[in-house]
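Architecture at a glance
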Amino acid sequence: MSSHSKLLEDVKQHLCTCAAGLKLTPDMEVFLEVPMRELYVSLPVHMDDGSIKVFKGFRVQYNEALGPTKGGVRFHPDGTMETTRALAALMTWKCALHKLPLGGAKGGVICNPKELSHREIERLSRAYIRGIYQIIGPDRDIPAPDVYTNPQVMAWMMDEYSKLAGRNVFGSITGKPTSLGGSAGRYDATARGGLYTIREAAERLGINLKDSRVAVHGFGNVGYHAAYLAKKLYGCKVVAVSDSKGAIFSPYGLDPEDVSGHKHSTGSVLNYPGAENLTNKELLELDVEILIPASLENIITEENAGNIKARILAEMANGPTTFEGEAILNSKGIHIIPDILCNGGGVIVSYFEMVQNQSSTQWEEEEVRNRLERKMKEAYCSVYDFASKNNVEMRQAAYTLAVGRVVEAMQLRGWI
Ligand code: NAD
């Protein structure tokens, strides 16, 4: 099975594990296993050398029972409809788990942004919005950033949507720059929200976060802020970080800001002065208290789960642990903070951005952080309490709560 189908299979398996507890009929389960709407688009883009290149893109609106769908757009050479579908399902469960009035979606374009110029990325971003314009909008489906897309890309997308609509529609896209209706605190919201769940978990497991060793797999938007905030908020010792080229390790702890400067000037975290180079595989197996996958899916599998030593696995990436890998981690008593719980901070603050756009206002960063903290704490407590009460693992608890809310909404709407 390809790694793309694997994520989709695993997401279905998790749904299946909670189906009996929720008394889902086979028909309901089949409905929840498939997206409500999918769109393939071909995007002709004028390249800087005068040629025209056609890119393939997708948008999946998985389930809209709870509200307009919402989800990021990923620019990646390995993007597929299957991965997009799985990520859209995860968004659906995530929004429901965090009690947001939103359904789940995801989008993507198959491309390698590292090989595209600034202007080519702009033309591609605009072409993508023209391609999916008919099915998106503030009351329908609201795109946001994901892997290799950023606030600048969101600004172009919002501008393109506004041009097509013939008026400013700031609420059509979230994750925008703050000068264009973006929310304060969106840039580090996913990592910050994840850190709040780590704090809750550490309290319950009796782990003192001060000087706890942390390894972060992936040093992009989420991974960098996770490393930075782990040190800044709780005094953790960030002993290892990695990017697609490899990992670095220092038993004395790294300075994430300085490593970020090194990555910007050299193109990678590798060869950071005073640190040892490691492989990504070695990073995952380090002796640490907290492991934070913040890169891509299917990173922790049956092959390496047995070697993982962390006490807390905080899934800031989507789908980093395979179904089989998770069973091994569970048997070792590793506390997993599942992706739909751990990385919900991004969509929570994106939702705050929508609320601010609708009322033409901008909240202070402190207000955003306080609201985010409350929501993350509430979600963590509900999952932890459900898991303890029903003697199930954290992921099953999270899925049961989330899917149950989507099912209830579908029943109330008379769909099922
Ligand atoms: P990003 O593009 O900013 O960073 C991705 C990082 O992963 C980069 O450092 C890249 O070098 C690294 N990477 C890629 N392939 C790798 C590999 N094989 N091994 C090690 N590192 C690798 O993306 P991001 O926005 O930080 O997203 C990271 C993860 O978090 C994704 O799973 C994404 O879906 C999830 N997520 C992001 C947000 C958000 O707000 N951006 C919200 C929720 C979940």
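Residues numbered from 1 in each chain as written. Predicted model: local features only at pLDDT ≥ 70, side-chain atom pairs only at ≥ 80, totals over all residues. Heavy atoms only, no water.

So, about the sheet that holds strand 5 (residues 141-145). A sheet is described by the order of its strands in space; here five strands give the open sequence 1-2-4-3-5, paired in mixed fashion. Strands with a single pairing partner mark the edges of an open sheet, and in this sheet they are strand 1 (37-46) and strand 5. On average, each strand axis in the sheet is tilted by 25° relative to the strand beside it, whichever way the strands run. Of the pairings in the sheet, the one linking strand 3 (residues 69-76) to strand 5 comprises five bridges and is parallel in character. Its bridge partner being in strand 5, V73 is matched across the sheet by P145. Along the sheet, helix 4 (residues 118-132) makes contact with strand 1, strand 2 (52-63), strand 3 and strand 4 (103-110), crossing strand 1 at roughly 140°. (Pairing = 2+ DSSP bridges. Helix = DSSP H or I, 4+ residues; strand = E, 2+ residues; numbered from the N terminus. Axes fitted to C-alpha atoms, helices over the stretch in contact; angles between N-to-C directions. Contact = heavy atoms within 4.5 Å.)

A few words now on a nonpolar patch on the surface. Together, M36, W415 and I416 make up a nonpolar patch on the protein surface, roughly 230 Å² of accessible area in all. In this fold, W415 is placed in the segment after helix 14 (394-412). (Patch = residues over 30% accessible without salt bridge, like charges linked within 9 Å, V, L, I, M, F, W, Y side chains within 5 Å. Areas by Shrake-Rupley, 256 points an atom, 1.4 Å probe, with all protein chains shown as cover. Salt bridge = Lys/Arg side-chain N within 4 Å of Asp/Glu carboxyl O.)

This part covers unusual backbone geometry. The backbone of K23 sits at a positive phi, close to 55°, despite the residue not being glycine. Unusually for a residue other than glycine, K99 sits at a positive phi of about 55°. With respect to the element layout, K99 can be found in the loop between helix 3 (81-97) and strand 4. By relative accessible area, which is 49% here, K99 ends up partly exposed. (Buried < 20%, exposed > 50% of the residue type's maximum accessible area, 1.4 Å probe, protein only.)

This brings us to the nonpolar core. In this structure, W93, V241, I292 and M316 are the most contacted members of the largest nonpolar core, which totals 89 residues. For W93, the residues in contact, after removing those within four places along its chain, are V11, L15, L32, Y62, I340, Y399, A402, V403 and V406. V41, F75, I121 and I132 belong to the second largest nonpolar core, which has 26 residues in total. (Core = buried A, V, L, I, M, F, W, Y, C linked by side-chain atoms within 4.5 Å.)

With that out of the way, let us pick up the packing of aromatic side chains. Throughout the structure, instances matching the rule amount to eight aromatic pairs. Ring geometry for Y133 versus Y161: centroids 4.9 Å apart, planes at 50°, classification tilted. In this pair, Y133 is assigned in the loop between helix 4 and strand 5 and Y161 in helix 5 (residues 151-165), connecting sequence segments 28 residues apart. For Y161, a relative accessible area of 8% translates into the label buried. Relative to W363, the ring of F352 has its centre 5.4 Å away and its plane inclined at 50°; by these criteria the two rings are tilted. In this pair, F352 is assigned in helix 12 (residues 345-358) and W363 in the loop between helix 12 and helix 13 (365-390), connecting sequence segments 11 residues apart. (Phe/Tyr/Trp six-rings, centres within 6.5 Å; stacked < 30°, edge-to-face > 60°.)

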